[in-house]
Amino acid sequence: MKLASSISSRSSRKSIDDNMIPMINIIFLLLIFYLVAGKIQTSLVKDLELPENTEQNLVKQSTSILQISADNTLFFNGTQISLAELDTELSSQPDDSELNIQLYADFRLTASQLDQTLERLRQYNVQKIEIISQQPL
Amino acid sequence: MSLLQQRKPKRIGLTALIDAVFILLLFFMLSSTFTTYNSIELQSSNSNNSSADQNQNDTQFIVLYPDDSVARRESRGTRLEAAKLLQSMDKQNPVIVLPISQTNVQSIVTLLTNVKAAGFNNVTLGSPIE
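Residues numbered from 1 in each chain as written. Chains lettered and ligands numbered in written order. Predicted model: local features only at pLDDT ≥ 70, side-chain atom pairs only at ≥ 80, totals over all residues. Heavy atoms only, no water.

(A) Examining the overall build of chain B more closely. Assigned secondary structure in chain B consists of five helices and six strands. Along chain B, from the amino end to the carboxyl end, the secondary structure elements read α-α-β-β-α-β-β-α-β-α-β. Expressed as a percentage of its 130 residues, the buried residues of chain B come to 42%. Of all intrachain contacts in chain B linking residues separated by at least 6 positions in sequence, the fraction that spans at least 24 positions is 69%. Total accessible area computed for chain B in this model is approximately 7600 Å², and 53% of it derives from carbon and sulfur atoms. (Helix = DSSP H or I, 4+ residues; strand = E, 2+ residues; numbered from the N terminus. Buried < 20%, exposed > 50% of the residue type's maximum accessible area, 1.4 Å probe, protein only. Contact = heavy atoms within 4.5 Å. Areas by Shrake-Rupley, 256 points an atom, 1.4 Å probe, with all protein chains shown as cover.)

(B) Region of the structure containing the environment of Pro128(B). Residue position: Pro128(B) is located in the segment after strand E6 (123-125). The sequence separation of Pro128(B) and Val97(B) amounts to 31 residues, and the corresponding C-alpha distance is 8.8 Å. Apart from residues no more than four positions distant in its own chain, Pro128(B) is found in contact with Ala111(A), Ser112(A), Asp115(A), Pro99(B) and Ser101(B).

(C) Seen up close, the side chain of Ser107(B). Residue and element names in this part refer to chain B. Assignment of secondary structure puts Ser107 in helix H5 (residues 105-117). Polar contacts involving the side chain of Ser107 include one to the side chain of Asp68, which spans 2.6 Å. If we skip the residues at most four places from it in the chain, Ser107 touches Leu64, Pro66 and Asp68. (Polar contact = N/O pair within 3.5 Å; in protein donor to acceptor, adjacent residues only side chain to side chain.)

(D) Structural view of the environment of Leu86(B). Within the element layout of this structure, Leu86(B) appears in helix H4 (residues 82-87). Residues contacting Leu86(B), with those up to four places away along its chain left out, are Ile62(B), Asn114(B), Val115(B), Ala118(B) and Phe120(B).

(E) Geometry of the environment of Lys84(B). Assignment of secondary structure puts Lys84(B) in helix H4. It is 15 Å that separates the C-alpha atoms of Lys84(B) and Leu112(B), two residues lying 28 residues apart in sequence.

(F) Examining unusual backbone geometry more closely. With a phi angle near 65°, Asn72(A) is a residue other than glycine that sits in the positive phi range. As for its placement among the helices and strands, Asn72(A) is situated in the loop between strand E2 (64-68) and strand E3 (74-76). Its relative accessible area of 23% is what places Asn72(A) among the partly exposed residues. Phi at Asp68(B) takes a positive value of approximately 75°, unusual for a residue other than glycine. Assignment of secondary structure puts Asp68(B) in the loop between strand E3 (60-64) and strand E4 (70-72). Given a relative accessible area of 44%, Asp68(B) falls into the partly exposed group.

(G) Highlighting the confidence of the model for chain A. For chain A, per-residue confidence averages 81 on the pLDDT scale, and 80% of positions sit at 70 or higher. When pLDDT is averaged over each helix and strand of chain A, the minimum, 73, is found for helix H1 (residues 2-37) of chain A and the maximum, 91, for E3(A). (pLDDT = per-residue confidence, 0-100.)

(H) Quick look at the interface of chain A and chain B. With 55 residues of chain A at the interface, the matching set in chain B holds 42 residues. Taken together, both faces of the contact between chain A and chain B bury some 4500 Å²; the carbon and sulfur share is 63%. Together, Tyr34(A), Arg122(A) and Ile131(A) form the three largest contributors to the area buried by chain A at its contact with chain B, with a combined 15%. Our enumeration of links across chain A and chain B arrives at 16 residue pairs in polar contact (both at pLDDT 80 or more). (Buried area = accessible area lost by both parts, 1.4 Å probe.)

(I) Region of the structure containing the packing of aromatic side chains. The tally for this structure, following the rule as stated, stands at three aromatic pairs over all chains. Here Tyr104(A) and Tyr37(B) contribute two aromatic rings whose centre-to-centre distance is 6.0 Å and whose plane-to-plane angle is 90°, an arrangement assigned as edge-to-face. With Tyr104(A) in strand E5 (residues 100-105) and Tyr37(B) in strand E2 (residues 37-42), the pair connects residues from two separate chains. We note that Tyr104(A), like Tyr37(B), is buried. A cation over an aromatic ring shows up here: Arg73(B) above the ring of Phe61(B), its NZ or CZ 3.8 Å from the ring centre. (Phe/Tyr/Trp six-rings, centres within 6.5 Å; stacked < 30°, edge-to-face > 60°. Lys NZ or Arg CZ within 6 Å of the ring centre and 35° of its normal.)

(J) Up close: helix H2 (residues 83-91) of chain A. Residue and element names in this part refer to chain A. Considered for burial, the residues of H2 that qualify are Leu86, Asp87 and Leu90. All buried residues of H2 lie within an arc of 105° about the axis, which places them on one face of the element. The exposed residues of H2 that point more than 90 degrees off its buried face are Ala84 and Thr88. On its buried side, H2 packs onto E2, E3, strand E4 (79-81), E5 and helix H3 (111-123). (Arc of directions from axis to C-beta.)

(K) Quick peek at a nonpolar patch on the surface. A contiguous nonpolar surface patch, about 450 Å² in accessible area, is contributed by Phe28(A), Ile32(A), Leu35(A), Val36(A) and Leu17(B). Accessibility expressed as a relative area gives 46% for Ile32(A), which makes it partly exposed. (Patch = residues over 30% accessible without salt bridge, like charges linked within 9 Å, V, L, I, M, F, W, Y side chains within 5 Å. Salt bridge = Lys/Arg side-chain N within 4 Å of Asp/Glu carboxyl O.)

Structure (structure tokens):
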């Protein structure tokens, strides 16, 4: 009796393991797909929607990331800051350092709102400013 | 010999492996994106000022209106589509885009992209005008 129950439990465990193999195959396939096709990107702040652009110009490496949301809130390297704090941040950079900034600006911002920030960046001699847009889906 | 024959191969438990693979899968599903980002490089202030100062007469100013129409600064009354205006301009000379202050970023990005795609290499975004 004991032997029979032991055999049946062993065979049921074996069949569960065997049934899991196709699932594991699919999960591995999904994993490989995400590993190959996906890219880990800068996370955008809440409600920030980038302008769309069909021309391909790949984004290069940059030292700092500045995001401006639709309500004109600034985020420097992921931290919310005011314009005055941005001044402090930019002025604290060593003179000989080459500061490159990627600007993630919401597509609804107006030119005058964008210019407030661009003006600051130009004041502090930022070497390179890149406006980031996204490829339409 | 009989001992060797009696030894059964050990089954490797799959549960731990599946746990790890699931965690990896979740991580990649949540953190990866398929959106392609493009960039438009703006000229720095120094190169912008120097080129604009040196070739003040050659610099071409494009006024960008909120409805995406454009005009030469000298003839702001005549609004055109960007493609038509760009055809009439000299590609060798620097271009400065002057948006009207209410123009949105989408329109600015579209125009800057079109100007660069038309073969203008020296393109800058100027301060907005009223």
